[in-house]
Amino acid sequence: MVLAKYGSACPDFLDEVHRITNAAKTEGVLLRLLGALAFHIHCPKFSYMQGMLGRTFTDIDFASYRQESSRITNLFSELGYQHDARVRALFGSRLVFYETSGTNRHCDVFLDKLEFCHDVDFEGRLEVDDPTVPLAELLLEKMQIVKLNQKDAIDTIMLLREHQIGGSDDDTINVVHLARLTARDWGLWRTFTHNLENVGKIAQNLEKLSEKDKKDVNSKITALRSRIDSEPKTRGWKIRSQIGERKKWYRDVDELLRE
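Residues numbered from 1 in each chain as written. Predicted model: local features only at pLDDT ≥ 70, side-chain atom pairs only at ≥ 80, totals over all residues. Heavy atoms only, no water.

1. Some points on the pairing of strand S5 (residues 106-111)
Thought 1: Where burial is concerned, most of S5 is hidden: 6 out of the 6 residues are buried.
Thought 2: Looking at chain direction, strand S2 (residues 60-64) and S5 are connected through 5 bridges and run parallel. Bridge assignment links Ile-60 to a residue of S5, and that residue is Cys-107.
Thought 3: As paired elements, strand S4 (residues 94-99) and S5 share 5 bridges and run antiparallel to each other. Pairing of Val-96 across the sheet is with Asp-108, part of S5. (Buried < 20%, exposed > 50% of the residue type's maximum accessible area, 1.4 Å probe, protein only. Helix = DSSP H or I, 4+ residues; strand = E, 2+ residues; numbered from the N terminus. Pairing = 2+ DSSP bridges.)

Structure representation (C-alpha cells):
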C-alpha cells in the first residue's frame, strides 16, 4: 500500500506511529494500526479531508493478538512507554501505554478483538494488511458505533472516497467479508446499515465536500448496502430480526473508551 505523507496530520503523531511500527517490524511483533491515524495513512489521496473538516488526533491505537502481549509490553517499554496495568485488570483485552517523556501521549493496543458496541474479531485478519488493519475492519470499527459522531463520519467518508468496494482485501473494502459478518448477526447488521445511512446524510450536508465527493461516497454506500442486503441470512439472524429493536442489540460504551 502507498502511505500518506504528513498532510494535515500532526507530524509528531505520524513520526511516532512510524517509530513504533518500524520497531515492531524489526522485532517481529505483530502490531497493526487502528483509529484515525490508520485512516489517514491508508488514504494518501484524500487524507487532507481530516484537516479540512477539523479532524484532530488524540492517541494512537493498535490491534494485535493476545499471545503477543508480553512482547508488546517489552517493545513499548524499550520505546519509552509505561504500561498501565490497571487498565489490563479492568479490560483484559486491552493494553494501555503512556509515554514517559512528558507528552501525555498514550497508545492503546486491543487484543484479539474490539469490544465496543459490537465485537470486531481480529482472528486471521491482522496478517492481511500492514501497517494497518484491513480496510474492512477500519470501516467496521466505525460502523459498529451506535452513536456515530462527526469525527467517525469524517474518517468513514475519507475511507470510502479513497477506496473501491470489492471482494478482496487488496487495497479494497472487502464487502464480501462484511456481508458475511452482518448476515449472521442481526444487531451488527442493524447498527452497520443505519450508520451507512447516517454517513450518507452527513456527507451531503458537509459544505466543504465537492459534489463529486458526495456523489462518489453515496454510490459506494449504495453498493455496500446492496451487497450486504443480498447476502443470505443465517437462521439465527432471521430469528433475532423478528424481535427487532424491542430487545437491545448493542452494548453501551462510554465515549472515553473509544477514540
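2. Quick word on the confidence of the model for the chain
Note: predicted coordinates in regions of low pLDDT should not be interpreted at a detailed level.
Thought 1: Of all residues in the chain, 91% have pLDDT values of 70 or greater, and the mean over the chain is 91.
Thought 2: When the criterion is pLDDT under 50, residues 2-9 qualifies, and its contacts beyond four places in sequence or with other chains add up to 25 contacts. (pLDDT = per-residue confidence, 0-100. Contact = heavy atoms within 4.5 Å.)

3. Section: the environment of Gln-67
Thought 1: As for its placement among the helices and strands, Gln-67 is situated in the loop between S2 and helix H4 (69-78).
Thought 2: Through-space distance from the C-alpha of Gln-67 to that of Asp-112 is 9.1 Å; in sequence the pair is 45 residues apart.

4. Examining the pattern of salt bridges
Thought 1: By the definition in use, this model includes 25 salt bridges.
Thought 2: Note that Asp-112 is salt-bridged to Arg-66, the shortest N-O span being 3.3 Å. Residue Asp-112 is located in the loop between S5 and strand S6 (113-115), and its partner Arg-66 is located in the loop between S2 and H4; the two are separated by 46 residues in the primary sequence.
Thought 3: Residues Arg-161 and Asp-213 are paired through a salt bridge, measuring 2.6 Å at the closest nitrogen-oxygen approach. With Arg-161 in helix H7 (residues 150-162) and Asp-213 in helix H10 (residues 211-230), the pair connects residues that are 52 residues apart, well separated along the chain.
Thought 4: Taken together, the salt bridges that share partners define one network made up of Asp-12, Glu-16, Arg-19 and Arg-105. (Salt bridge = Lys/Arg side-chain N within 4 Å of Asp/Glu carboxyl O.)

5. Here's the deal with the nonpolar core
Thought 1: With 76 residues, the main nonpolar core has Leu-31, Phe-62, Ile-72, Phe-76, Val-109 and Phe-122 as its most contacted residues.
Thought 2: Considering every element that reaches this core, the biggest residue donor is helix H9 (residues 186-205), with 7 residues.
Thought 3: Those residues in contact with Phe-62 that lie beyond four places of it in its chain are Ile-20, Thr-21, Leu-31, Arg-32, Leu-33, Leu-34, Phe-76, Cys-107, Asp-108, Val-109 and Phe-110. (Core = buried A, V, L, I, M, F, W, Y, C linked by side-chain atoms within 4.5 Å.)

6. Considerations on the side chain of Thr-193
Thought 1: Among the secondary structure elements, Thr-193 is positioned in helix H9.
Thought 2: When neighbours within four sequence positions are excluded, Thr-193 is seen to be in contact with Arg-225 and Ile-228.

7. Examining helix H8 (residues 175-183)
Thought 1: Counting buried positions over the 9 residues of H8 gives 8, a clear majority of the element.
Thought 2: Looking only at H8, the buried set comprises Val-175, Val-176, His-177, Leu-178, Ala-179, Leu-181, Thr-182 and Ala-183.
Thought 3: Buried residues along H8 sit in contact with helix H6 (135-143), strand S8 (164-166), strand S9 (172-174), H9, H10 and helix H11 (235-243).
Thought 4: N-capping of H8 is provided by Asn-174, with a side-chain oxygen placed 3.2 Å from the backbone N of Val-176. (Polar contact = N/O pair within 3.5 Å; in protein donor to acceptor, adjacent residues only side chain to side chain.)

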